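# A closer look at the structure
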Amino acid sequence: MDRVSAFDEPLKKLLGGATAKVMADHLDLHTVGDLLHHYPRRYEERGRLTALTDLPLDEHVTVVAQVADARVVMFNNGRGKRLEVTLTDGSGRLQLVFFGHGVHKPHKELLPGRRAMFAGKVSVFNRKMQLAHPTYQLLDAESIDGAEATEAVDAFAGRLLPIYPACKQLDSWRIAKAVDTVLPSAREAVDPLPPSLCEGRGFIPLPEALLKVHRPQTKADIAQARDRLKWDEAFVLQVALARRRYADTQLPAVARKPAHGGLLDAFDAKLPFTLTEGQRKVSQEIFDDLATEHPMHRLLQGEVGSGKTMVALRAMLGVVDAGGQAAMLAPTEVLAQQHHRSITEMMGELAEGGMLGGSDLGTKVVLLTGSMGMAARRQALLDLVTGEAGIVIGTHALIEDKVQFHDLGLVVVDEQHRFGVEQRDALRSKGKQQPHLLVMTATPIPRTVAMTVFGDLETSVLDQLPAGRSPIASHVVPAKDKPHFLSRAWERVREEVESGHQAYVVCPRIGDDAEDETAGKKGKKQAPEDDGEKRPPLAVLEIAEQLAKGPLTGLRVEVLHGRMNPDDKDDVMRRFGAGQVDVLVATTVIEVGVNVPNATAMVIMDADRFGVSQLHQLRGRVGRGSAPGLCLLVSEAHEASPARARLSAVAATLDGFELSRIDLEQRREGDVLGQAQSGVRSSLRMLTVIDDEEVIAAARAEAAAIVTADPELEHLPELRTALDALLDKEREQYLDKG
C-alpha cells in the first residue's frame, strides 16, 4: 500500500460495516487517518495494587485476588443476564459484575480458585463495594512462576489506559480496540513538517508520535507525542493562512489616499472632541494600508464603546475623498439604522452632499435594507450606481445582484461573527478591483484565536475607552434564593428613571406563539446544566406586561424585538433615544451598536441563558454617558452551578479580553474555530487555542517564513499533501473567501 492511501483507507474495510457506520455517524470518522487522529482525551493509570479492605470509592484500582464464587443471574423475565463474581485476597471480599455480551468470556475463565489481576473503578451497589466490567489478566500458578507474576502485576498495574472521546453507541474501550486494528498504518504517516524544522525543535517523527499518543509506555511518551502533534496542527493551519495572506498581497487594488483639505479634514475640524491615542494609532495603520496597491485585510477589535465606529467612519471618508465609495455591512436592520443615524448626525451637513444646505465637500450617506419601500430603495440604488452616494450602510440587502456601485473602494463589516465569509466575499466582488476590507468586532478575541480564526487578517486593537465614559457596576441577582433582591432591582430601575435616566430590560425570548424566532433562539444559549429545566426562558411580551402592571407601573414601558415591523422598531428606538420611553424591554436586538447615553440601567432576565461575551456586549449599552451604569444579572441558577460561576465572572470584571478568555475556556474550541466561521468541524484535535499560545505564535512565524521563501511549497510535497487533507473542499473555500 502506498504511503498516502494507507491513511485514506475506509474504516469499513478494516472494522466492518456496523462499527464503521457508528464511527461515521456519531464521531465523524471515516478513514484510517481520521481514526489515527482521534486522540485519547486522557489516560487512566490502573493504579497501585490495593488490598480489598482499603478500596477507595470512585477511584481506579488494581487488585490481585482469587475467585471465590461465580454465578450467572437472570433478570428482566429472563431477557437479561449478569455474571456476579466474588473475589477474596485473604483480607476482604469484593464483588465483580459483568453484563450482557460481556458475560461469556469471564464466565469461562473466572472459575473458583483461579487467581487474576483486576482493574476498574470502585462503585457501591446495594451498600456493597463492586467493580463493574473490570479488565483482568489471569495469573495462574501453572502458567506463571512467582517472579514472572510480580513482573506481570507491575506491568498491568502501571499501564496507561487511553480514554477516547466516545459516544453512547461506542464506548472508549471499543474505540481503543479499533485503534489497535489500524495502528500498524501509523508507520505510513506522511510527515508534513520540513526536516529542518523537526530537527531544530527536537521533534520525534510523526509515525512515532502517533504510536506513542495511542499506546504510551510512560508519561514521557505522552508528552513527546503531544508536543509533536500540537505542532503539526498549528503549523499546517498557519501555512494555509500564510498562503492566503501571501496571495492577497499579490492581488491588485486601487490605492486610496485622502485628499488634503477634503471631506476627512472637514469632518475632523468639526469634531467636538479629540480622538484617543488608540484611535489615532489605529487610524494611521488603516490609512497606511489604504495607500497601498493591494487590498487591505484588517480586523479592528475594540472594547464595547472604544470608538470603533469613529475609526471606521474616518476610513470611509478618506476613501470617498480619494474618489471611491465605501459600504458598511451590519448584521441587523436595527443596527444598520442605528449606524446610519449616528453617522449622519456625526457628519452633519457633510452627509448632505448635493442637497440644499449640504456642504460642497459633502457626500450622500444612504441606507439600504430589505424592508425599505420601493421608492426609497430605487433612489438608494440609483445613488450608488451613479456615485452620488459615497457611503452606503445596509444589511444583507447590499449583497443582492441588483446592487451596483460606481466604484466600491472599501467594505466595512460590522460584527464579523454574524456574517458568513460568503456574504463578506459577495460584497467584495462588487468592486472593479478588490476593494479594501475592514472587519470590526466588539467581542474581544484572545490573541491566539485572532491568530487562528482571523489569521488571514492583520489585527488592530482599540483598548482605551474614550474620555467621559462612566464605570458600570454589575451584580448578580439570585431571584430564586432571594426574591427580595429582585424587588430591589425594580426599585433601582424606578430610582434611575426618577432621576431623569432610562433603562433596558433584556429577555431571551419574544413570547407569544412563535417561540423559535431568531432573537429567541439567539438568546437561548442554554448552558448544559439548564437542560433539565422545565420553565421556558422569560419572554419580552410577558415581562413587559408584568412590569407595566406591577413594579414599574406609571412608567413608560415599551418593547423592541426582531418580529416587529422595521418602521415600528425604528420608531421605538428613535423615541427611546429622544427620552420619550423610560424602560425598553427587548431581546438581544440591542446587543451591538445601540447608543443611548441617557440609558444607565440594564436588567438581564435569565442571564444564565446568555453566553459570557453576549452579556458583556449587552452590558456595554449602559454607562455610555456621564452618569455611572448599572447592570443587574437576574438568574435562578443554583449558587454552586457553572452558570452562576459564569455570571459572577461577568460581574467581577469589565475587561472584555479577560471575559473572552473565560468564555473560551468554558466553551473550548468547538465553537471558536471553523464551526463559528463556516459550519465546518474544527480541525483541531490536540491543540487548544487557549493553552497553546506559544505554539501558535511560533508556528505562525515559521509558516510565514516558509511561504515567503516557497509560496507554492514546491520543495515541500509532504506539507502540500497535509494541506490538502486539512483543506477539504468546504474548508478551502472558507479560507479562500477569508
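The model shown is predicted, which means the values in this text are computed figures rather than measured ones.

Conventions and cut-offs
Residues numbered from 1 in each chain as written. Predicted model: local features only at pLDDT ≥ 70, side-chain atom pairs only at ≥ 80, totals over all residues. Heavy atoms only, no water. Helix = DSSP H or I, 4+ residues; strand = E, 2+ residues; numbered from the N terminus. Buried < 20%, exposed > 50% of the residue type's maximum accessible area, 1.4 Å probe, protein only. Contact = heavy atoms within 4.5 Å. Polar contact = N/O pair within 3.5 Å; in protein donor to acceptor, adjacent residues only side chain to side chain. Pairing = 2+ DSSP bridges. Axes fitted to C-alpha atoms, helices over the stretch in contact; angles between N-to-C directions. Core = buried A, V, L, I, M, F, W, Y, C linked by side-chain atoms within 4.5 Å. pLDDT = per-residue confidence, 0-100. Salt bridge = Lys/Arg side-chain N within 4 Å of Asp/Glu carboxyl O. Phe/Tyr/Trp six-rings, centres within 6.5 Å; stacked < 30°, edge-to-face > 60°.

You can see Q502 is positioned in strand β17 (residues 502-506). With a relative accessible area of 2%, Q502 lands in the buried category. Put simply, Q502 and D582 are 80 residues apart on the chain and 4.9 Å apart in space, counted from C-alpha to C-alpha. Aside from chain neighbours lying at most four places away, what touches Q502 is F576, G579, V581, D582, V596, N598, A599, T600 and A601. From its side chain, Q502 meets the backbone oxygen of F576 in a polar contact 2.7 Å long.

The next thing to look at is the sheet that holds strand β15 (residues 458-462). Read from one edge to the other, the open sheet built from seven strands follows the order β11-β12-β10-β13-β14-β9-β15, with strand pairing classed as parallel. Unpaired on one side and paired on the other, β11 (364-368) and β15 mark the two borders of the sheet. Going from strand to strand, the sheet's axes swing by 20° on average, the running direction of each strand aside. Taken together, the five bridges between β11 and strand β12 (residues 389-394) define a ladder with parallel strand orientation. Within β12, the residue paired with V365 across the bridge is I391.

With that settled, the discussion passes to the nonpolar core. Ranked by size, the top nonpolar core spans 38 residues in total, and within it M316, M347, I391 and L410 carry the most contacts. The element that contributes the greatest number of residues to this core is helix α13 (residues 308-321), accounting for nine residues. In this view, L410 contacts L290, M296, A315, M316, V319, Q325, A326, A327, P435, H436, L437 and L438; residues no more than four positions away in its chain are not counted. Of all hydrophobic cores here, the second largest spans 34 residues; its members include A186, A209, I222 and A225.

Right, let's talk about the confidence of the model for the protein chain for a bit. Close reading of the predicted structure is inappropriate where its pLDDT is low. Taken as a whole, the protein chain shows an average pLDDT of 82; of its residues, 83% reach a score of 70 or greater. The least confident element of the protein chain, judged by mean pLDDT, is helix α25 (residues 675-678) at 38; the most confident is β17 at 95. Note on residues 669-682: pLDDT is under 50 here. Beyond four places in sequence and across chains, it has 34 contacts. Contacts for the low-pLDDT stretch residues 732-738, under 50 throughout, to residues beyond four places or in other chains number 21 contacts.

This part takes up the pattern of salt bridges. In total, this model carries 32 salt bridges according to the counting rule given. Between E9 and K13 there is a salt bridge, with the nearest N and O atoms lying 3.1 Å from each other. Note on K13: relative accessible area 64%, which makes it exposed. When the shortest N-O distance is used, the salt bridge between K364 and D383 registers 2.9 Å. Placement of the pair is K364 in strand β11 and D383 in helix α15 (residues 374-386), with a sequence separation of 19 residues. For the pair formed by K364 and D383, the shared burial category is buried. If you follow the salt bridges from partner to partner, you end up with R488, E491, R492, E495 and E496 in one network.

What follows is about the packing of aromatic side chains. Counted according to the given criterion, the structure contains six aromatic pairs. Aromatic pair W231 and F235: ring centres 6.2 Å apart, planes at 35°, arrangement tilted. With a gap of four residues between them, W231 and F235 both fall in helix α10 (residues 219-250), about one helical turn apart. The two residues W231 and F235 agree in class, both being buried. Ring pairs connect the aromatic residues F98, F118 and Y136, which therefore count as one cluster.

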